[in-house]
Amino acid sequence: MATRTEIRLFDSAARAVRPFVPVHAGEARMYNCGPTVYDRQHIGNLYAYIVADVVRRTFEYFGYRVTQVMNITDVGHIVDDADAGEDKMALGARRTGKDPLRIATEVTQQFMADRHKLNILDPHVMPKATEHVPLMIELIQKLIDKGHAYLAADGVYFDVTTFPGYGTRLNAEPPEERMAGARVEVNENKRHPNDFALWRAAKPGDLQQWDSPWGKGNPGWHIECSAMSMKYLGDTFDIHSGGEDHLFPHHECEIAQSEAATGKPFVNYWLHVRFLRVDNEKMAKSKGGFFTLDDISEWGYDPLAFRLLALGTGYRKSLDFTRAAMDQAQRRLERWRRVVAEAYAATGGRVTEPEPDYGVRKGFNDALADDFNTPKALAAAEMALNLAGSDDAAIRERALWLLFDMDRVLGLSLRDAATKEDVLSSEERRLFDERERARRAKDFTRSDELRDELLERHGIRVMDTKDGARWERVAKGA
Ligand code: AMP
Ligand code: ZN
């Protein structure tokens, strides 16, 4: 088992890095705001879930029992995140002519398939909003009873004046100033412009609606996350995550309504992922132009190269997605796979656990425990990779053990690479390297001789590319 290390994480509420102290000893309970399943998730969304996956895997790596909950938003998320406008599910239905629940099923299936390609582990619970409406109604009723919410002509609203500090828990800027520049449609039914909808009265033609004490309607997006997170994790739980867009209004609203209802602290650590950007622009579905994991595959990249790119960024910096960055990540992944496979072949599959204070191992653990510093953890893993190329069998075996252990967090399928990757035998490698040295020394006669020998005797075709020599296996003498 890995050494017990104190995990420290940046908490958006404290605006500082804090040591992790769990609500329940030895456990980490976390909620990730899930996808709105009206349209295909893009690589920005997937990036947010890779981060959540690394957080979960880090806690497991350090021996915590993790409960991870991620909801499926299949009703209630309004197009502009505020209260005016169309429900995204209705938009999806209008665009495709399909029933909202059918769209939700299809998009969720696609999303899970994408996650699996990225080695993102399945959350322990994946509650759907549409299956928890009675729970939301109960929570809204509680807020009305306690004087935090009121019934208006078009639904039920949370009264922000009853919750001191509304909108400032995760962001120092008061909501008035933040909203001043934004387009806010005046809603005469609200007592205060910042009040937000807990329940929306059904409009004619609404495809999704439920009975409630306030007539037919549908729940607000924020109340969904409060109701479902507290149901599965308790009134106070450890970690709540989402993208940086959730800082306001979504998570501020969740805090207000949850704490107003229970009178207890809602979440101990708030984790927000900085956005993935393409050419320095926020990638938004509303703008139409966004990339999916299929696009990445069609361009010839391995989905795990995208995971590696994400790990190399660090969740508190925005990920600048470019083809050049993907090229680099792909090459890095291929090198990792090759080195691991060669070491595995060389050790005959033997691995040996090194001492807990073995330098590289400690470097990796410390990096992860320091607010999930994955770029630094990758650098430590790369040191293990160098050791895996050592001529000393004992060093190689330890390095391999470490790499497989690190992969419990990194999720790069290194064990598969070890057993499935086609690698050169040591004789083939010796000839290949010697040819490369001859070519660099411009000894073309020798380099051609070696190229022929590799092809005729070993069935290895060598190709020179701008990134150096590559090889492929063909029929001998082909
Ligand atoms: P949505 O399906 O829009 O509700 O978003 C699902 C998750 O992806 C949320 O946690 C968002 O905050 C997150 N997200 C959306 N766009 C991006 C982006 N460009 N980069 C990182 N995370 C994002
Ligand atoms: Zn949420």
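Residues numbered from 1 in each chain as written. Chains lettered and ligands numbered in written order. Predicted model: local features only at pLDDT ≥ 70, side-chain atom pairs only at ≥ 80, totals over all residues. Heavy atoms only, no water.

**Student:** Kindly report on the coordination of the zinc ion (ligand 2), identifying the contributing residues and their values.
**Tutor:** The coordination sphere of the zinc ion (ligand 2), as far as protein atoms go, consists of Cys-33 (SG), Cys-225 (SG) and His-250 (NE2), spread over 2.0 to 2.2 Å. Along the chain, the residues donating to the zinc ion (ligand 2) are arranged with the sequence spacing C-x191-C-x24-H. Residue Cys-33 is located in the loop between β3 (27–32) and α1 (43–61), and its partner Cys-225 is located in helix α6 (residues 221–233); the two are separated by 192 residues in the primary sequence. Taking relative accessible area as the criterion, Cys-33 reaches 5% and is therefore assigned buried. (Donors = N, O, S within 2.8 Å, 3.2 Å for Na, K, Ca; no water. Helix = DSSP H or I, 4+ residues; strand = E, 2+ residues; numbered from the N terminus. Buried < 20%, exposed > 50% of the residue type's maximum accessible area, 1.4 Å probe, protein only.)

**Student:** Please set out the site of ligand 1 residue by residue, giving values where relevant.
**Tutor:** Close to ligand 1 lie 18 residues, the nearest being Thr-36, Gln-41, Gly-243, Asp-245 and Leu-276. In the model, an oxygen atom of ligand 1 is placed 2.9 Å from a nitrogen or oxygen of the Gly-243 main chain. Contacts to ligand 1 include Asp-245, whose side-chain N or O atom sits 2.5 Å from an oxygen atom. Contact with the protein chains hides 95% of the accessible area of ligand 1, taken as 490 Å² for the molecule alone. Going through the elements one at a time, α1 and β9 (237–243) are the ones with two or more residues in the shell around ligand 1. Ranked by the residues each element gives to the shell around ligand 1, the list is headed by α1, at four residues. (Near = heavy atom within 4 Å. Polar contact = N/O pair within 3.5 Å; in protein donor to acceptor, adjacent residues only side chain to side chain. Areas by Shrake-Rupley, 256 points an atom, 1.4 Å probe, with all protein chains shown as cover.)

**Student:** Account for the nonpolar core, naming residues and giving values.
**Tutor:** If you look at the biggest cluster of nonpolar residues, it comprises 86 residues, and the most contacted ones within it are Phe-59, Phe-306 and Phe-321. If you tally residues by element for this core, the top one is α1, at ten residues. There are two domains that each give this core at least three residues, and those are domain 1 (8–273) and domain 2 (293–420). Aside from chain neighbours lying at most four places away, what touches Phe-306 is Ile-43, Leu-46, Tyr-47, Ile-50, Leu-118, Leu-276, Leu-293, Ile-296, Phe-321 and Met-326. Of all hydrophobic cores here, the second largest spans 38 residues; its members include Phe-196, Leu-198, Phe-248 and Ala-256. (Core = buried A, V, L, I, M, F, W, Y, C linked by side-chain atoms within 4.5 Å. Domains from an automatic or database assignment. Contact = heavy atoms within 4.5 Å.)

**Student:** Provide a residue-level description of the packing of α6 against helix α7 (residues 247–262), including the pertinent values.
**Tutor:** Orientation of α6 relative to α7, taken along the N-to-C sense of each, is 55°, at an axis distance of 9 Å. For the element pair α6 / α7, the angle class is oblique. For the pair α6 and α7, the sense of crossing is right-handed. Along the contact surface, α6 presents Trp-221, His-222, Ile-223, Cys-225, Ser-226 and Met-230, while α7 presents Pro-249, His-250, Cys-253, Glu-254, Gln-257, Ser-258 and Thr-262. Each residue belonging to the contact of α6 with α7 can be placed in one class, and the counts come to six nonpolar, six polar and one charged. (Axes fitted to C-alpha atoms, helices over the stretch in contact; angles between N-to-C directions. Parallel < 35°, antiparallel > 145°, perpendicular 65-115°, else oblique. Left-handed = near helix turned anticlockwise from the far one by under 90°. Nonpolar A, V, L, I, M, F, W, Y, C, P; charged D, E, K, R; others polar.)

**Student:** Can you break down the sheet that holds strand β7 (residues 196–201) residue by residue, with the values?
**Tutor:** Taken in spatial order, the four strands make up an open sheet running β5-β6-β7-β8, and their pairing is antiparallel. In this open sheet, the two edge strands, each paired with only one partner strand, are β5 (149–152) and β8 (217–219). For this sheet, the mean inter-axis angle between neighbouring strands, taken without regard to orientation, is 20°. Examined bridge by bridge, strand β6 (residues 155–158) and β7 share four bridges and lie antiparallel to one another. Residue Val-156 lies in a different strand from β7, and its bridge partner there is Trp-199. On top of the sheet, helix α4 (residues 133–145) reaches β5, β6, β7 and β8; it is set at about 120° to β7, its chief contact. (Pairing = 2+ DSSP bridges.)

Shape descriptors only; they carry no functional weight alone.
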